[in-house]
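This is what each chain is made of:
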Amino acid sequence: MKILRMYIRAIVISFLLLGCVTEALEIDRQYQIANITQFDVRIKFFDSFKGSTYEIELSSNEVYKGDVLTYRSGNVQLDDKDSFYPASAYRDSDSLIVFFDESKYAIRSFTLTSPTEAMFSDPEERNPFRHGSYRKLKNEEFLFEITKEDYDLATACDGSCEK
């Protein structure tokens, strides 16, 4: 009888231990875009799937904070340099145009090649939709800087920059 009780106790403890599942932590992440040029910048974001757009304006040394994104810990794919996770911070945009003082512009975009992979427009390392283009500030804060180099590589509007 004593052996039977020990056996039952062992089974109950096993079921209790198997029923304890550690749940992944929810983590808030923030992607930000900073204008570190001497120019005023206007960014027009596009979501080609929904057909929606929105704009922001950044003066010199101003920072735009995208939507706070909540994800579950353990998803290492989010930290892959080619992750397109930052797009979620900008209302699921897939392309944008950066206007510099309405005299030059630069286009950046990405295209899904599979549900987990994307192809980024050039220059790939300067694409705000690509996680690897951001510098980690602290914890889950990441910063993309619009630089003088971006301005130098931008295309002249020749009077045709839209407003």
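Each remark here, short or long, concerns the structure printed above.
An account of the accompanying structure is given in this report. (Residues numbered from 1 in each chain as written. Predicted model: local features only at pLDDT ≥ 70, side-chain atom pairs only at ≥ 80, totals over all residues. Heavy atoms only, no water.)

### Focus: the packing of aromatic side chains
The geometry of an aromatic ring pair is captured by the separation of the ring centres together with the interplanar angle, meaning the angle of the planes. Counted by the stated rule, this structure contains 14 aromatic pairs. Look at Phe 84 and Phe 110: their rings are 5.5 Å apart centre to centre, the planes differ by 20°, and that puts the pair in the stacked class. With Phe 84 in the loop between strand 5 (69–72) and strand 6 (95–100) and Phe 110 in strand 7 (residues 104–114), the pair connects residues that are 26 residues apart, well separated along the chain. Judged on exposure class, the residue Phe 84 and its partner Phe 110 are both buried. Taken together, Tyr 31, Tyr 71, Tyr 85, Tyr 134, Phe 142 and Phe 144 form an aromatic cluster joined through their ring pairs. Its guanidinium or amino end placed over the ring of Phe 99, Arg 42 lies 4.1 Å from that ring's centre, counting from NZ or CZ. Cation over ring: Lys 104 sits above Tyr 151, and NZ or CZ is 4.4 Å from the ring centre. (Phe/Tyr/Trp six-rings, centres within 6.5 Å; stacked < 30°, edge-to-face > 60°. Helix = DSSP H or I, 4+ residues; strand = E, 2+ residues; numbered from the N terminus. Buried < 20%, exposed > 50% of the residue type's maximum accessible area, 1.4 Å probe, protein only. Lys NZ or Arg CZ within 6 Å of the ring centre and 35° of its normal.)

### Here we look at the environment of Thr 116
Mapping Thr 116 onto the fold places it in the loop between strand 7 and strand 8 (117–120). When the C-alpha atoms of Thr 116 and Ser 83 are compared, they prove to be 8.0 Å apart, with 33 residues separating the residues in sequence. In this structure, Thr 116 is in contact with Gln 77 and Phe 84, ignoring residues within four places of it in sequence. (Contact = heavy atoms within 4.5 Å.)

### Side note on the side chain of Arg 108
Mapped onto the fold, Arg 108 is located in strand 7. A polar contact of 3.1 Å, which involves the side chain of Arg 108, links it to the backbone oxygen of Arg 126. Once you skip the residues sitting within four places of it in the chain, Arg 108 turns out to touch Asp 94, Ser 95, Leu 96, Ser 121, Asp 122, Pro 123, Arg 126, Asn 127, Pro 128, Phe 129 and Asp 150. (Polar contact = N/O pair within 3.5 Å; in protein donor to acceptor, adjacent residues only side chain to side chain.)

### Here we look at the state of the cysteines
Tallied over the entire structure, the rule returns one disulfide. Cys 157 shares a disulfide with Cys 161; S-S distance 1.4 Å. Look at Cys 157 and you get buried, because its relative accessible area is 3%. By relative accessible area, which is 18% here, Cys 161 ends up buried. (Disulfide = S-S within 2.5 Å.)

### Points about unusual backbone geometry
Along the chain, Asp 122 connects to Pro 123 via a cis peptide bond; the corresponding omega equals -5°. With respect to the helices and strands, the residue Pro 123 is situated in the loop between strand 8 and strand 9 (135–138). Phi at Arg 91 takes a positive value of approximately 55°, unusual for a residue other than glycine. Within the fold, Arg 91 resides in the loop between strand 5 and strand 6. Here Arg 91 falls in the partly exposed class, since its relative accessible area comes to 47%. Even without glycine at this site, Asn 139 takes up a positive phi of about 40°. Among the secondary structure elements, Asn 139 is positioned in the loop between strand 9 and strand 10 (141–146). Given a relative accessible area of 63%, Asn 139 falls into the exposed group.

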